[in-house]
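Structural features, examined
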Amino acid sequence: MHVRTTSLALSLLCAMGIATSAQAAGTLHFANWSDYYPPELLKKFEADTGIKATLDAYDSNETLLAKLKAGGGAYDVVVPSDSFIEIMVKEDLLQKFDKSKLTNLALLKDTFKTLSFDPGHDYSVPYLWGTTGYSYDTAKVPGGKLEESWKPFFEPDPELKGKVVALNSIEELFVPAAFYLGIDQCTEDPKAAQKIQDLLLKQKPSLAMYNSDGTIERMAAGEVTMHQQWNGAFHRAQAQRASLTYVYPKEGIRVFIDNFAIPKDATNVAEAHAFINWMMKPENIAAASNFAKYNNAIEGSDKFMDKELFDDPAINTPADKLDRLKPFELCSPKALALRAKVWTKLKK
Amino acid sequence: MNTRNPLWRFAGMRPAAWFFFVFLYLPIVVLVVLSFNGGQSATLWDGFSLKWYSVVANDAEVVRAAKNSLIVATLATLIATSLATLAALGMRGRAFRGQTLMSGVLGLPLLVPEIVTAVSTLMFFSFIGLKLSLFTILIAHVVFCIPFAYLPIRARLEGMNPYLLEAAADLYASPWKAFWKVTFPLLSPGIVSGAMLAFIISMDDFVITYFVAGAGATTLPVYIFSSIRMGISPKINAISSIILVISIAFVALSYYVGQRKR
């Protein structure tokens, strides 16, 4: 029996080795977060273009960066967030697009045509975008309605003590605090950073925890009354608890954009361009929006979006709140070092 | 529960044992129960439904991840256990030069932090030009499963009576026959527990697997971890319950086969 198992194992190994060495033309290796891309859409891509696609997963921008840096060049298209595009370009991990193959770039919405982290879309094309605001349960707050500002979050009502959760990330706390206090988010002034630190330390006793996982369940179950949340997570939580509402604070709310990018040593570059161009078609990007419950950046996708997604003001930002959206800014190392100091003090 | 064991003289032993088992197994029971959840959440119960099992059946990615995990774990277990048995047999007997060094090297994957092993393995594969795939995951898994398989086998071997081999030689058995007729049957409980440990460790691994995985080679832990951003849906509970049933079947089968041999 042992001889049969070893020969079986050996033949399986050989098969796998052969299968991997045979790279057929017309394949695409796509990597994304889990549950962030509809599997049916990938099948539609295969049907439309004949290119066979595989989808793999990674859990954070940081691990993706680490893998690309260490030489893991197995993917043709990846989806880093805006905060990592500049870092990856500097580390020479992404390749420039051949824009002649990306004809659908003209379909981008005006607000997304020029982005500070990649003006000209040489390295990235928006996939989905969202905002990081906060949500609360109208049935449980005093008065049933809170001011549309960061004030109720950073200086919560004493009644809500222990019922507020903040995200567990320095950017998600520092930047809104800077917006609220009217300070430049990339400040290099220690005194300004001190003001932000004082605000965050004052907020800390009212918080139940700092946690970025399970935000949907926490709000839907009614465990907490107020939660700093991404708008897509809010949409899913509100489907389970209708009394929740999302806030676009008037001082400013951060926008995050996840983008398609092609790693430097991708093997199927032509297929990668074909895929990204295909994804920029309104009906295809709308299918992704409907699945992940986040908004997209393509003009004309509105008519393909699910009505309940389109009607949700948290996802489809109303025109009067568009000026509150603030894009990502990569700060100098000195500013980032200040942020790290504030975070260390906060989490002590 | 052997009630003649002196431990039972301690008061509160029975409730402590019950608490221990409940603490370990209740979360697993909750996980399986919530896979039948009618709602969207993996933590809030909302009526009974089998829909998440059909979601799993239709989701090619999660099924492929589970298949990859099982293939890698099974092959890595077989290879690692065979190598670990050879290592244990080689390390026994009279001391040879470099034996302590060998011992240290065998146990190295247990000491070194996983992230260090992961990144260094990836850099090594890039250096020798080996393209990432399921095969590279298998190699990495075999490497870190060997010490887990080795330790129980080594322990079992130490407890074996050395005179039995001499007796076998005395009765005209060749070393090959002596191994299969004497050593192997006595070692088999150790080999089985080494294999089970290796299987568990391989199924469970995330860090090393993520870094050395090629395209199309996502395993289940990598898939589940990557769901954190978008939220865990009961689909994960469903696939975990399926894997649980498969693992229980596997263990039960090996136990049954072991009993039959007796």
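Since the model is a prediction, treat every value here as computed from it, not as a measurement.

Looking at the overall build of chain A
- When helices and strands are tallied, chain A shows 13 helices and 10 strands.
- For 348 residues, the compact-globule formula gives about 20 Å, and the C-alpha radius of gyration of chain A, at 22 Å, lands near that figure.
- In terms of principal-axis extent, the alpha carbons of chain A reach across some 70 × 50 × 45 Å.
- Per-residue burial for chain A yields a buried fraction of 43% across its 348 residues.
- Counting only contacts in chain A whose residues sit at least 6 apart along the sequence, the fraction spanning at least 24 positions is 74%.

Comments concerning the domain arrangement of chain A
Residue and element names in this part refer to chain A.
- Annotation of chain A at the domain level lists domain 1 (25-128 + 257-318) and domain 2 (130-255 + 326-346).
- Put simply, the middle of domain 1 and the middle of domain 2, counted by C-alpha atoms, are 27 Å apart.
- The interface is formed by 15 residues belonging to domain 1 together with 12 residues belonging to domain 2.
- In terms of residue class, the side of domain 1 that touches domain 2 is built from 8 nonpolar, 3 polar and 4 charged.

Thoughts on the interface of chain A and chain B
- On the side of chain B, 36 residues touch chain A, which itself brings 37 residues to the contact.
- For the side of chain A that touches chain B, the elements supplying multiple residues, two or more each, are helix 1 (2-21), strand 2 (52-57), helix 3 (61-69), helix 8 (215-220) and helix 9 (231-240) of chain A.
- Element by element, the count of residues in the side of chain A that touches chain B is highest for helix 1 of chain A, at 7 residues.

Notes on the nonpolar core
- Among the nonpolar cores identified, the biggest contains 152 residues, and A:Val77, B:Ala76, B:Cys145, B:Ala149, B:Ala198 and B:Val212 are the most heavily contacted of them.
- If you count residues domain by domain, this core takes at least three from each of domain 1 (25-128 + 257-318) and domain 2 (130-255 + 326-346) of chain A.
- Contacts of B:Val212, omitting those with residues within four sequence positions, involve B:Ala118, B:Thr121, B:Leu122, B:Phe125, B:Leu132, B:Thr136, B:Ile137 and B:Ala140.

Some remarks on helix 4 (residues 82-90) of chain A
Residues and elements named next belong to chain A.
- Within helix 4, the full set of buried residues consists of Asp-82, Phe-84, Ile-85 and Met-88. Buried residues along helix 4 cover an arc of 145° about the axis, so they all sit on one side.
- Contacts from the buried residues of helix 4 go to helix 3 and strand 8 (253-260).
- A positive backbone phi angle near 60° is found at Asp-92, which sits one or two residues after helix 4.

A word on the pairing of strand 2 of chain A
Residues and elements named next belong to chain A.
- Within strand 2, 5 of the 6 residues are buried, which leaves it mostly tucked inside the rest of the structure.
- Here strand 1 (residues 27-32) pairs with strand 2 via 6 bridges, running parallel. When the bridges of strand 2 are listed, Ala-31 appears paired with Asp-56.
- Following the backbone out of strand 1, through helix 2 (residues 39-49) and into the adjacent parallel strand 2, one traces a crossover that is right-handed.

Thoughts on helix 5 (residues 114-128) of chain B
- Over its 15 residues, helix 5 of chain B extends 21 Å from the first C-alpha to the last, a length consistent with the 21 Å expected when each residue adds 1.5 Å.
- Within helix 5 of chain B, the full set of buried residues consists of B:Thr117, B:Ala118, B:Val119, B:Thr121, B:Leu122 and B:Phe125.
- In the core, the buried residues of helix 5 of chain B are packed alongside helix 3 of chain A together with helix 4 (99-111), helix 6 (134-158) and helix 9 (207-212) of chain B.
- Taken from the residues just after helix 5 of chain B, B:Gly129 is the one with a positive phi, measuring 75°.

Some words on unusual backbone geometry
Residues and elements named next belong to chain A.
- Here the phi dihedral of Asp-92 falls at roughly 60°; this positive angle occurs in a residue that is not glycine.
- Here Asp-92 shows up in the loop between helix 4 and strand 3 (125-137).
- You can call Asp-92 exposed: it has 9 C-beta atoms within 10 Å.
- Residues other than glycine seldom take positive phi values, yet Lys-293 does so here, at roughly 65°.
- Secondary-structure assignment places Lys-293 in the loop between helix 11 (282-292) and strand 9 (295-296).

Details of the confidence of the model for chain B
- Model confidence for chain B is summarised by a mean pLDDT of 86, while 97% of its residues fall at 70 or above.
- For this predicted complex, the interface score ipTM comes out at 0.77, while the overall pTM is 0.81.

As for the packing of helix 6 of chain B against helix 8 (residues 175-204) of chain B
Residues and elements named next belong to chain B.
- With their axes 8 Å apart at the nearest point, helix 6 and helix 8 run at an angle of 155° to one another. As summarised for this structure, helix 6 and helix 8 are arranged roughly antiparallel, according to the angle between their axes. Crossing of helix 6 against helix 8: the hand is right-handed. Across the interface between the two elements, His-141, Cys-145, Phe-148, Ala-149, Tyr-150, Pro-152, Ile-153, Ala-155, Arg-156 and Leu-157 from helix 6 touch Leu-187, Pro-189, Gly-190, Ile-191, Ser-193, Gly-194, Ala-195, Leu-197, Ala-198, Ile-201 and Ser-202 from helix 8.
- Of the residues assigned to the contact of helix 6 with helix 8, the class counts are 15 nonpolar, 5 polar and 1 charged.

A closer look at the environment of B:Trp8
All names here are of chain B.
- Checked against the element boundaries, Trp-8 lands in the segment before helix 1 (13-34).
- Trp-8 gets classed as partly exposed once you count the C-beta atoms within 10 Å, which come to 13.
- Placed 209 residues apart in sequence, Trp-8 and Ala-217 show a C-alpha to C-alpha distance of 49 Å.

The rules we used
Residues numbered from 1 in each chain as written. Chains lettered and ligands numbered in written order. Predicted model: local features only at pLDDT ≥ 70, side-chain atom pairs only at ≥ 80, totals over all residues. Helix = DSSP H or I, 4+ residues; strand = E, 2+ residues; numbered from the N terminus. Rg over C-alpha atoms; globule rule 2.2 N^0.38 Å. Buried ≥ 20, exposed ≤ 12 C-beta atoms within 10 Å, placed from the backbone. Contact = placed C-beta atoms within 7 Å. Domains from an automatic or database assignment. Nonpolar A, V, L, I, M, F, W, Y, C, P; charged D, E, K, R; others polar. Core = buried A, V, L, I, M, F, W, Y, C linked by C-beta atoms within 7 Å. Arc of directions from axis to C-beta. Pairing = 2+ DSSP bridges. Right-handed = clockwise from strand over helix to strand, strands pointing away. Expected span 1.5 Å × (residues − 1). pLDDT = per-residue confidence, 0-100. Axes fitted to C-alpha atoms, helices over the stretch in contact; angles between N-to-C directions. Parallel < 35°, antiparallel > 145°, perpendicular 65-115°, else oblique. Left-handed = near helix turned anticlockwise from the far one by under 90°.

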